[in-house]
Amino acid sequence: MSDQPTGNTLAVIRAALPALLPSEQRVAEVVLARPTEVIDWSVADLAAAANTSSATAVRACQHLGFRGFQQLRLLLARDVGTGAEPVRAEFGPEDSPEAIAAAVFATVSTMVAEGMGAIEPAALREAADVLTDARRILFVANGASGFVAQAAALRFVTAGFLAEAPQEAISQQIIGRLLAPEDVCVAISSSGSNELTLRVAEAAGKARATVVGITSFARSPLAAVADITLVTGTLPLQGNDVMAGPVAQLALLVSLQLTAGFRRPDVSAEVLDEVWNVITPDTRRN
């Protein structure tokens, strides 16, 4: 954790929070809600705010991935000092459309940038490698993450990769079972526990395809199934939910598509030429 990138601290806490014991979760929730105050606290202050013991507060910090409370304080101070503390704009029914739009854009911008914080560089490089070399890529997601799979598949297809994102659950499972060892299944679930998505990931694993899991939680059923796990470290907001979690996932997949495309410029250029030939007639008619 000592080489943690600036702005990463709260993202790491959010990603690890669900795996903590209830008393430890209270500690993490206090840190997330009051990071600037925690910087000036003692471990006893943190424990009191979380209604638990000092030993539990220290243990929570360690289970979150920090060496202890002092390292957590130092990293929080660094992030706040660099302006990395996330800002979430407030809005409500009394606001104008332009005010709501401005707040949503500001919130999404902050949370997407923060989402990079929990991504492990080694896992990101490994995912880029397997996607670049994949014979076939299956993107699977259900619920709120569904549009992420669709958009990612389209980007990979237009970059020259054999990719697909079936929307129907049975089709997803059938294709997952038919994958081969040289194929990749990218399973996307913010919670990491969507049952339909997990079934496909498990089927792809049994077919010996590489499973890349993209989720908001470091420890989840999807992370347990995946060969490579990428944690974006963002959660949807409570109340005024702007779906920043899925948007961060899409930003991650766009990054991977661009990386894979750069590594296979000949294939990508050929496909882009074909795409242009398809859309040019429509462009001329318009």
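As a reminder, the structure under discussion sits directly above these lines.
Below is a summary of the structure that appears in this document. Values in this document were obtained by computation on a predicted structure and should not be read as measured data.

When helices and strands are tallied, the chain shows 14 helices and five strands. Sorting the 286 residues of the chain into buried and exposed places 47% on the buried side. Residue pairs in contact within the chain that sit at least 24 positions apart in sequence constitute 70% of those at least 6 positions apart. In the form shown here, the chain has an accessible surface area of approximately 13,800 Å², with 56% of it arising from carbon and sulfur atoms.

This paragraph deals with the sheet that holds strand S5 (residues 228-231). Here we have five strands laid out as an open sheet, ordered S2-S1-S3-S4-S5, and parallel in their pairing. Every other strand in the sheet has two partners, leaving strand S2 (163-164) and S5 as the edge strands with one partner each. Of the strand pairs in this sheet, strand S4 (residues 210-215) and S5 are connected by four bridges, and their pairing is parallel. The residue bridging Ile214 from the neighbouring strand is Leu230, located in S5.

All right, on to the packing of helix H2 (residues 22-33) against helix H5 (residues 54-63) then. Close contact between H2 and H5 brings their axes to 9 Å; oriented N to C, the two are set at 80°. In terms of their interaxial angle, H2 and H5 are classed as roughly perpendicular. For the pair H2 and H5, the contacting residues are Ser23, Glu24 and Val27 in the first and Thr56, Ala57, Arg59, Ala60 and His63 in the second. The residue inventory of the contact of H2 with H5, partitioned by class, reads three nonpolar, three polar and two charged.

Calculation criteria
Residues numbered from 1 in each chain as written. Predicted model: local features only at pLDDT ≥ 70, side-chain atom pairs only at ≥ 80, totals over all residues. Heavy atoms only, no water. Helix = DSSP H or I, 4+ residues; strand = E, 2+ residues; numbered from the N terminus. Buried < 20%, exposed > 50% of the residue type's maximum accessible area, 1.4 Å probe, protein only. Contact = heavy atoms within 4.5 Å. Areas by Shrake-Rupley, 256 points an atom, 1.4 Å probe, with all protein chains shown as cover. Pairing = 2+ DSSP bridges. Axes fitted to C-alpha atoms, helices over the stretch in contact; angles between N-to-C directions. Parallel < 35°, antiparallel > 145°, perpendicular 65-115°, else oblique. Nonpolar A, V, L, I, M, F, W, Y, C, P; charged D, E, K, R; others polar.

On their own, these measurements won't tell you what the molecule is for.
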